[in-house]
Amino acid sequence: MDNYSVIPSLESLLSESACRRFAFGLVCPGGPRCPRCSTILDPRRHERFYGNQVSFCSHCLRKFVPLGGTVFSSCKISFRVIVLMLYLFDLGYRNARIIEMTDLSKDSVQKWRRKWLSLKQTEMVDCG
Ligand SMILES: [Zn+2]
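Read on for an overview of the structure. (Residues numbered from 1 in each chain as written. Predicted model: local features only at pLDDT ≥ 70, side-chain atom pairs only at ≥ 80, totals over all residues.)

1. Remarks on the overall build of the protein chain
Counting its regular elements, the protein chain contains six helices and two strands. Traced from its N-terminal end to its C-terminal end, the protein chain shows the element sequence α-α-α-β-β-α-α-α. Here the protein chain holds 128 residues, and the buried ones make up 22% of them. Nonlocal contacts in the protein chain, meaning residues at least 24 apart in sequence, comprise 58% of its contacts between residues at least 6 apart. (Helix = DSSP H or I, 4+ residues; strand = E, 2+ residues; numbered from the N terminus. Buried ≥ 20, exposed ≤ 12 C-beta atoms within 10 Å, placed from the backbone. Contact = placed C-beta atoms within 7 Å.)

2. Let's talk about the nonpolar core
Counting residues in hydrophobic clusters, the biggest one holds 16 residues, and the most contacted among them are Ala-23, Ile-82, Val-83, Met-85, Ile-98 and Val-109. Listed by contribution, the elements that provide at least two residues to this core are helix H2 (16-27), helix H4 (79-90) and helix H6 (106-121). Considering every element that reaches this core, the biggest residue donor is H4, with seven residues. Sequence-distant contacts of Ala-23, that is, excluding residues within four places in its chain, are made with Phe-72, Phe-79 and Ile-82. (Core = buried A, V, L, I, M, F, W, Y, C linked by C-beta atoms within 7 Å.)

3. Re the packing of H4 against H6
The interhelical angle for the contact between H4 and H6, taken along N-to-C directions, is 70 degrees, at an axis separation of 10 Å. With respect to their mutual orientation, H4 and H6 come out roughly perpendicular. Touching Ile-82, Met-85, Leu-86 and Phe-89 of H4 are Val-109, Trp-112, Arg-113 and Trp-116, all from H6. Looking at the contact of H4 with H6 residue by residue, the classes come out as seven nonpolar, no polar and one charged. (Axes fitted to C-alpha atoms, helices over the stretch in contact; angles between N-to-C directions. Parallel < 35°, antiparallel > 145°, perpendicular 65-115°, else oblique. Nonpolar A, V, L, I, M, F, W, Y, C, P; charged D, E, K, R; others polar.)

4. Quick notes on unusual backbone geometry
Positive phi values are uncommon outside glycine, yet Ser-38 reaches one of about 65 degrees. Tracing the backbone shows Ser-38 in the loop between H2 and helix H3 (46-50). Since 14 C-beta atoms lie within 10 Å of it, Ser-38 is described here as partly exposed. Even without being glycine, Asn-52 reaches a positive phi, approximately 55 degrees. Turning to its location among the elements, Asn-52 is positioned in the loop between H3 and strand E1 (55-56). With 19 C-beta atoms packed within 10 Å, Asn-52 lands in the partly exposed category.

5. A word on H4
For H4, spanning twelve residues, the distance from its first C-alpha to its last is 17 Å, which sits close to the expected 16 Å at 1.5 Å a residue. Of all the residues in H4, the buried ones are Phe-79, Arg-80, Ile-82, Val-83, Leu-84, Met-85, Leu-86 and Leu-88. Gly-92 occupies a position one or two residues after H4 and carries a positive phi of about 95 degrees. (Expected span 1.5 Å × (residues − 1).)

6. Observations concerning the environment of Arg-36
Within the secondary structure layout, Arg-36 lies in the loop between H2 and H3. Along the primary structure Arg-36 and Lys-63 are separated by 27 residues, whereas in three dimensions their C-alpha atoms are 9.7 Å apart.

Quick look at the structure:
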């Protein structure tokens, strides 16, 4: 079976919201918390938090961007493409194959491989 005919449809089956939650879990394992005081955000603020919109902590009155300062800050790639790429890294695919299977540039794939290795080798960065 030709892997090239299977992998692109796999990407289309991934849920952007599930992949977004996975990404947030990597860098914010404690869930929606304030990065300054670690207060768990009110559930009414979770949608803004997981939407990576400016969020507000009603305890310390600080505004923050949830993914600011993490590997996902200013990321232009969809979360489902990132998660697919991470799977392909872990399955042993080389960068050249990943570039062929996605619309990602060589620089993006190289950058994300370094980010992924760094995330896996170090303690997960906590938002708090
Ligand atoms: Zn706070």
